[in-house]
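Tertiary structure, described
Take a look at the letters that make up each chain.
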Amino acid sequence: MFDFPSAPHYFTPEHDAFRDALRDFVAKEITPFAPDWDEAETFPRELYRKAADLGILGVGYDEAYGGTPADVFYHLIVSEEMARCGVGGVAASLLSHTIGLPPVAAHGSADMKQRIIPRVLSGEKIAALAVTEPGGGSDVAALKTTAVRDGDHYVVNGEKVFITSGMRADYITVAVRTDPASKGPAGISALLIEGDAAGLSRTALKKMGWWASDTAHLRFDNVRVPASNLIGTENQGFKVFMNNFNSERLGMSAQACAYAQVCLEEAVDWARERKTFGVPLSERQVIRHKLMDMYARIDAARSLIYDLAWRLRERVGDPNQLVARTCMAKVLSTQAMQYCADQAVQILGGMGFMRGTRSERIYREVKVMMIGGGSEEIMKDLGARQLGI
């Protein structure tokens, strides 16, 4: 395995033991089957339970709900090790609760937490997040889906698109506008909508990559949602989603670095085995330079991610600068992933263009990493504003 040096100043022996267990789980339960799951555009629901049994789904959640309290580096380990199978769609849907459930854990009522969280962390139920709309993209403040109070219910109308686990999800954390007079961040709320709610319809979407992950277009047609399913305070949901995005972006950054490393490993293995004119590719200077460029970009992005994670854990640094660095981490890491996928396909030559190589798959999937969770352009603009530029 072509790997990077460990970082003992960030990871304890307990972190390392968890990584070893997770790496073994991925190698046995996911990697051998993931390419076939990708082609089938689905994976067995039983995988949620298996992941739950190992404790993967419960990382960072309260023990009272079946979780395991953990610092940010445990979350990074999950992001990194799940990427080792080289099939992004499996990790995307299997871990959709990492973006769908935090608002419930942080802002839900005691009854909601007890009713929802244990069932998701056990693998029994699936959670998803629904914020993006057909005409909104990264502009969360412009969302149009409405939730109008009617007695002890909200009546929800609108659409959401590109929703990960949208077809399977049992619980969907939905961004809605509860104050129709407001057109900006104010007036946005978070509602938990159950997957079997009358008036909710779902349409599966076809994608460039992440085939194993179901992605859906959701439509809400007079969906009645109990008022008790309000997450947090009415009209104060914008911050709930923004805080959620920062955590998502850090995880995506670590994941992007790991996918880039998968490409590097495949390229190194190929370069050592493949001979041209009697000489291994790895002995060609131009190939060695490509590999070193890949290594350097991964190392630079990962160093930023680990330093940022440490600062977040230790609460070191100005909050605005930490948000800006989160934006930079996502941009730098996804650019590294894009570069490494491109170079790996180039080094593999004709084989790199063939279905079945990890680099070919990651080459197709890099764009969702550069767009999802906030596009590269949005990240740069947000970071600039945080820094007062």
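As a reminder, the structure under discussion sits directly above these lines.
A brief look at the structure comes next. (Residues numbered from 1 in each chain as written. Predicted model: local features only at pLDDT ≥ 70, side-chain atom pairs only at ≥ 80, totals over all residues. Heavy atoms only, no water.)

1. Digging into the overall build of the protein chain
- Summing up its helical and strand segments, the protein chain has 13 helices and ten strands in all.
- Relative to the compact-globule value of 21 Å for 389 residues, the protein chain shows a C-alpha radius of gyration of 21 Å, a close match.
- Once the C-alpha set of the protein chain is aligned to its principal axes, its extents read approximately 80 × 45 × 40 Å.
- Here the protein chain holds 389 residues, and the buried ones make up 53% of them. (Helix = DSSP H or I, 4+ residues; strand = E, 2+ residues; numbered from the N terminus. Rg over C-alpha atoms; globule rule 2.2 N^0.38 Å. Buried < 20%, exposed > 50% of the residue type's maximum accessible area, 1.4 Å probe, protein only.)

2. A short note on the packing of aromatic side chains
- For the structure shown, the criterion picks out nine aromatic pairs.
- Pairing Tyr10 with Tyr306 gives two aromatic rings, centres 5.7 Å apart and planes at 65 degrees, and the pair type is edge-to-face. Taken as a pair, Tyr10 in the segment before helix H1 (13-29) and Tyr306 in helix H10 (residues 285-314) lie far apart in primary sequence, 296 residues in all.
- Ring geometry for Phe11 versus Tyr306: centroids 5.2 Å apart, planes at 75 degrees, classification edge-to-face. In this pair, Phe11 sits in the segment before H1 while Tyr306 sits in helix H10, placing the two residues 295 residues apart along the sequence.
- An aromatic cluster of at least three residues, connected via ring pairs, comprises Tyr10, Phe11, Phe73 and Tyr306.
- Above the plane of the ring of Tyr154 lies Arg149, whose end atom (NZ or CZ) is 5.3 Å from the centre. (Phe/Tyr/Trp six-rings, centres within 6.5 Å; stacked < 30°, edge-to-face > 60°. Lys NZ or Arg CZ within 6 Å of the ring centre and 35° of its normal.)

3. Focus on the pattern of salt bridges
- A full pass over the atoms with the stated rule returns 27 salt bridges.
- Here Arg358 ties to Glu266 by a salt bridge, and the two come within 3.8 Å at their closest N and O atoms. Here Arg358, found in helix H12 (residues 358-371), pairs with Glu266, found in helix H9 (residues 238-273); they are 92 residues apart in sequence, far enough to count as distant. (Salt bridge = Lys/Arg side-chain N within 4 Å of Asp/Glu carboxyl O.)

4. Overview of the nonpolar core
- Counting 73 residues, the largest nonpolar core has Leu22, Ile30, Met82, Leu291 and Met294 as the members making the most contacts within it.
- For this core, the element with the highest residue contribution is H9, accounting for 14 residues.
- Within the second largest apolar cluster, 23 residues are counted, among which are Ile99, Leu129, Val131 and Ile188. (Core = buried A, V, L, I, M, F, W, Y, C linked by side-chain atoms within 4.5 Å.)

5. Here's the deal with unusual backbone geometry
- Phi angles above zero are rare outside glycine, and Asn235 is one such case at about 70 degrees.
- The exposure class assigned to Asn235 is partly exposed, which follows from its relative accessible area of 23%.
- One non-glycine residue with positive phi stands out, namely Phe277, at about 55 degrees.
- Relative to the assigned elements, Phe277 resides in the loop between strand S9 (275-276) and strand S10 (279-280).
- Phe277 sits in the exposed class, given a relative accessible area of 83%.

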